[in-house]
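Now for the letters of each chain:
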Amino acid sequence: MQLANRIDKLPPYLFVQISKKIAEKKAQGIDVVSFGIGDPDIPTPPHIIKRLCQAAKDPANHRYPETEGLPQLRQAIVEWYERRFNLSFDPNKEVLPLIGSKEGIGHIALCFIDPGDIALVPDPGYPVYSIGTMFAGGESYFMSLTENNNFLPDLGSIPPRIAKKARLMWINYPNNPTGAVADLRFFEKVVAFAKKYDIAVCHDGPYSEVAFDGYRPVSFLQARGARDIGVEFHSLSKSYNMTGWRIGMVVGNEKIVNALMRVKSNLDSGIPQAIQYAAIEALLGKQDCIAEHNAIYQRRRDLVVKTLNKIGLKVKPPKASLYIWAKVPDGYTSLDFCARLLEEASVVVTPGTGYGKCGEGYVRLSLTTPDYRVKEGLARLEKWAGKHTL
Ligand SMILES: *Cc1c(COP(=O)(O)O)cnc(C)c1O
């Protein structure tokens, strides 16, 4: 049996390796504190689960759903965007629910990338952007996100011969893994660049609701002209602690939304309808949970930032996202540092290199761990740092 080349080209999924190491530790009876994966520890709010259970009992929701989702869900997405960003969309043409946004992010490359085409992809970045590109036969050109540029891609540094071959650009703010944010001025520069080179833009925005200190992230689609060339992916996963239910959406340019709908109609059979009803409840129901969750994450963020700076890892408190992006001490690579912390302090942090070459020198800490575990993990870090010169 011979597997396709694309399978050999897949990098080993970093979190699988880390989970394996954690499992080994646990098998030895060692307690491990994880700042690893970005998956909210707080449960889905009860009113959303109640709606899900109700809908699950209705036989009408036991049959195949439509690819384009329930009309009521598309309408709820439109109302949510209207309320949150003051933008209006046609629910029948500019909105498509997804089986979690990762699904759409992975598949949309099939709408733009033919063999040999280029996608512009942030480094560090969510791995699905470049892997979707590779699956479609394309190549990624990595746009470096560095501290000097506030972790925004320097569009001027992209060679014109690359830009001319590019079909698609990925951006993601508030950013995973760096925690960086972008304003409308940056998004408008992206629109101008994309129009100049005739590139479609996909903005991935699952953290637009996870923000601190009163900061409210903007939508890419608020940038002038964004809808002419782009779409925004969004997700209920991080906003409403619904990672396990798998529901998200894409909104924006009609031609792009339609192309993805056509791809999906040939691959999947839609989102379980009970989950669509739960999503409608999440989007249109009471929104208090967002501020409540953000208060919790902000408290954890402050604890983590304080301890890391105290032990000599330089970090700035992020304005949004679930992540702290910290520089590793001199003399360590990202991977060394993570391995040492896991081995010697039983604490898991993610090596920045898991998100791309430019992640070297950094580690990511996720705030999705209960407070008492955050405190335990930080106490271990402090104790570990006391035995080392950082
Ligand atoms: C969590 C995350 C997603 C995926 O969310 P789902 O809707 O659960 O698939 C997409 N992009 C980024 C950057 C994320 O961190």
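None of these values were measured; they are calculated from a predicted model.

Surveying the vicinity of the ligand reveals 15 residues, the closest of which are D204, Y207, S235, S237 and K238. K102 is positioned such that a nitrogen or oxygen atom in its backbone is 2.9 Å from an oxygen atom of the ligand. One nitrogen or oxygen atom from the side chain of S235 is found 2.6 Å from an oxygen atom belonging to the ligand. Within the complex, the protein chains bury 94% of what would otherwise be the 390 Å² of accessible surface of the ligand. The dominant element in the shell around the ligand, judged by the number of residues it contributes, is helix α5 (residues 101-107), at 3 residues. Among the residues making up the shell around the ligand, the classes are represented as 5 nonpolar, 6 polar and 4 charged.

A few words on the environment of P153. By the secondary structure assignment, P153 is in the loop between β4 (139-144) and α8 (160-165). Separated by 30 residues in sequence, P153 and D123 have C-alpha atoms that sit 8.8 Å apart. Setting aside its immediate chain neighbours within four residues, P153 contacts M143, S144, L145, I171, Y173 and F186.

On to the domain arrangement of the chain. Split into domains, the chain comes out as domain 1 (5-44 + 288-386) and domain 2 (46-284). With centres defined by C-alpha atoms, the gap from domain 1 to domain 2 works out at 25 Å. Taken residue by residue, the interface counts 35 residues in domain 1 and 38 residues in domain 2. A combined buried area of about 3100 Å² lies between domain 1 and domain 2, and 60% of that area is made up of carbon and sulfur atoms. For the pair domain 1 and domain 2, the interface holds 3 salt bridges. For K327, the salt bridge is made with E147, and the minimal N-O distance between the two is 3.0 Å. For the pair domain 1 and domain 2, the interface holds 18 residue pairs in polar contact (both at pLDDT 80 or more).

For helix α7 (residues 128-135), the tally of buried residues reaches 7 of 8 residues, placing the bulk of the element in the interior. Of the positions making up α7, those classed as buried are V128, Y129, S130, I131, G132, T133 and M134. Phi for G137, located one or two positions after α7, is positive at around 90 degrees.

Our focus in this paragraph is the packing of aromatic side chains. Going through the model one piece at a time under the given rule, you end up with 18 aromatic pairs. Each ring, one from F187 and one from F220, has its centre 5.4 Å from the other, and the planes form 85 degrees; the classification is edge-to-face. Of this pair, F187 sits in helix α9 (residues 184-197) while F220 sits in the loop between β6 (200-204) and α10 (226-229); the two residues are 33 residues apart in sequence, bridging distant segments of the chain. The buried category is assigned to F187, whose relative accessible area is 0%. The interplanar angle of 80 degrees and the centroid separation of 5.9 Å between the aromatic rings of F337 and W384 together place this pair among those described as edge-to-face. Of the two residues, F337 is situated in helix α15 (residues 334-345) and W384 in helix α16 (residues 371-386); the sequence distance between them amounts to 47 residues. Counting every residue linked through ring pairs, the aromatic cluster contains W80, Y81, F85 and F89. Positioned above the aromatic ring of Y215 is the side chain of K319, whose terminal nitrogen or guanidinium carbon lies 5.2 Å from the ring centre.

A few words now on the sheet that holds strand β7 (residues 230-235). With mixed pairing, 7 strands are arranged side by side in an open sheet as β2-β8-β7-β6-β5-β3-β4. The open sheet is flanked by β2 (95-98) and β4, the only strands paired with a single partner. When strand polarity is set aside, the average angle formed by the axes of neighbouring strands in this sheet is 20 degrees.

With omega at -15 degrees, the peptide bond leading from Y173 into P174 counts as cis. The residue P174 is located in the loop between β5 (166-171) and α9 in this model. In this structure, the amide linkage connecting N176 to the following residue, P177, adopts the cis form with an omega of 10 degrees. Structurally, the position occupied by P177 is in the loop between β5 and α9. The backbone phi angle of F151 is positive, close to 60 degrees, even though this residue is not glycine. Position of F151 among the secondary structure elements: in the loop between β4 and α8. The exposure class assigned to F151 is buried, which follows from its relative accessible area of 11%.

Reading guide: rules and limits
Residues numbered from 1 in each chain as written. Predicted model: local features only at pLDDT ≥ 70, side-chain atom pairs only at ≥ 80, totals over all residues. Heavy atoms only, no water. Near = heavy atom within 4 Å. Polar contact = N/O pair within 3.5 Å; in protein donor to acceptor, adjacent residues only side chain to side chain. Areas by Shrake-Rupley, 256 points an atom, 1.4 Å probe, with all protein chains shown as cover. Helix = DSSP H or I, 4+ residues; strand = E, 2+ residues; numbered from the N terminus. Nonpolar A, V, L, I, M, F, W, Y, C, P; charged D, E, K, R; others polar. Contact = heavy atoms within 4.5 Å. Domains from an automatic or database assignment. Buried area = accessible area lost by both parts, 1.4 Å probe. Salt bridge = Lys/Arg side-chain N within 4 Å of Asp/Glu carboxyl O. Buried < 20%, exposed > 50% of the residue type's maximum accessible area, 1.4 Å probe, protein only. Phe/Tyr/Trp six-rings, centres within 6.5 Å; stacked < 30°, edge-to-face > 60°. Lys NZ or Arg CZ within 6 Å of the ring centre and 35° of its normal. Pairing = 2+ DSSP bridges. Axes fitted to C-alpha atoms, helices over the stretch in contact; angles between N-to-C directions.

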